[in-house]
Every structure is written in structure tokens, then in C-alpha cells.
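Residue strings, one per chain:
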Amino acid sequence: MRVLCAWCVRDGKPAFLREKLPLDDLSETHGLCADHFTSLSASVKQVVTPKVWLLSRLNDLSWGLTRWVQRQMGRLLFLS
Ligand SMILES: [Zn+2]
């Protein structure tokens, strides 16, 4: 999976962050690049706590889960 910075996508900038397992799945998921993560935490004028970081990780995870469910559904429909 390709992880893109959601804010860079919005700004029309190169948004590719990193690859994520499964590598043969070329669908996209969203995260924040270091720059936008910093500016986001600055804009809310608070130190990024481990909890905030964890929430962003959970969001990432739920995206992955959604993709997985979509893929399984697709497979199921294909077989039936
Ligand atoms: Zn970004």
C-alpha cells in the first residue's frame, strides 16, 4: 500500500510517504508527513502527546482495515 500525506494531496504537492504492507496492494492510505505533522501540532498550539500520535496511528489502522474489508468483499463477490 502507498501511504500519502493527506495534506500534501490537498495542496497538490508530492505526497508519497512510504510503502506499507501488503506491498502488492497498490491502493492508497493516508497519513501525515513530518512537515505537516509539525505544522498541525503547531497550529493547535499544543505539544503532540503520545495519545495524539496514537490516535493518528489508529486512524491509519482503520483505513487499512476498511481497505481489507473492501478487498475481502470484492473477492467474495467475485467467487459467487
Ligand atoms: Zn504533507
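Residues numbered from 1 in each chain as written. Predicted model: local features only at pLDDT ≥ 70, side-chain atom pairs only at ≥ 80, totals over all residues. Heavy atoms only, no water.

Colleague: Break down the pairing of strand E1 (residues 2–5) for me, citing the residues and quoting the values.
Modeller: Bridge count between E1 and strand E2 (residues 16–19): three bridges; the pairing is antiparallel. Its bridge partner lying in E2, Arg2 is registered against Glu19. Taken together, the four bridges between E1 and strand E3 (residues 28–31) define a ladder with parallel strand orientation. For Val3, the partnering residue across the bridge sits in E3 and is Thr29. (Pairing = 2+ DSSP bridges. Helix = DSSP H or I, 4+ residues; strand = E, 2+ residues; numbered from the N terminus.)

Colleague: How would you sum up the coordination of the zinc ion? Please name residues and give values.
Modeller: Note on metal geometry: ideal angles are 109.5 degrees for four donors arranged tetrahedrally and 90 or 180 degrees for six donors arranged octahedrally. Surrounding the zinc ion are the protein donor atoms Cys5 (SG), Cys8 (SG), Cys33 (SG) and His36 (ND1), at 1.8 to 2.3 Å. Here the zinc ion binds four donor atoms, and the angle range of 107 to 115° at the metal identifies the geometry as tetrahedral. For the zinc ion, all donor residues lie on one chain, and their spacing in sequence is C-x2-C-x24-C-x2-H. Neither residue differs from the other here; Cys33 and His36 are each classed as buried. (Donors = N, O, S within 2.8 Å, 3.2 Å for Na, K, Ca; no water. Tetrahedral: all angles 85-135°; square planar, octahedral: opposite > 155°, others 65-115°. Buried < 20%, exposed > 50% of the residue type's maximum accessible area, 1.4 Å probe, protein only.)

Colleague: So what about the side chain of Asp60? Which residues, and what values?
Modeller: Among the secondary structure elements, Asp60 is positioned in helix H3 (residues 50–79). Of the residues examined, Asp60 reaches a relative accessible area of 6% and is grouped as buried. Leaving out residues up to four positions away in the same chain, Asp60 has contacts with Arg18, Lys20, Thr29 and His30. (Contact = heavy atoms within 4.5 Å.)

Colleague: Summarise the side chain of His36; cite the residues concerned and give the values.
Modeller: Topologically, His36 is positioned in helix H2 (residues 34–43). Residue His36 is classed as buried on the basis of its relative accessible area, which comes to 9%. The residues contacting His36, other than those within four sequence positions of it, are Cys5, Trp7, Cys8 and Asp11.

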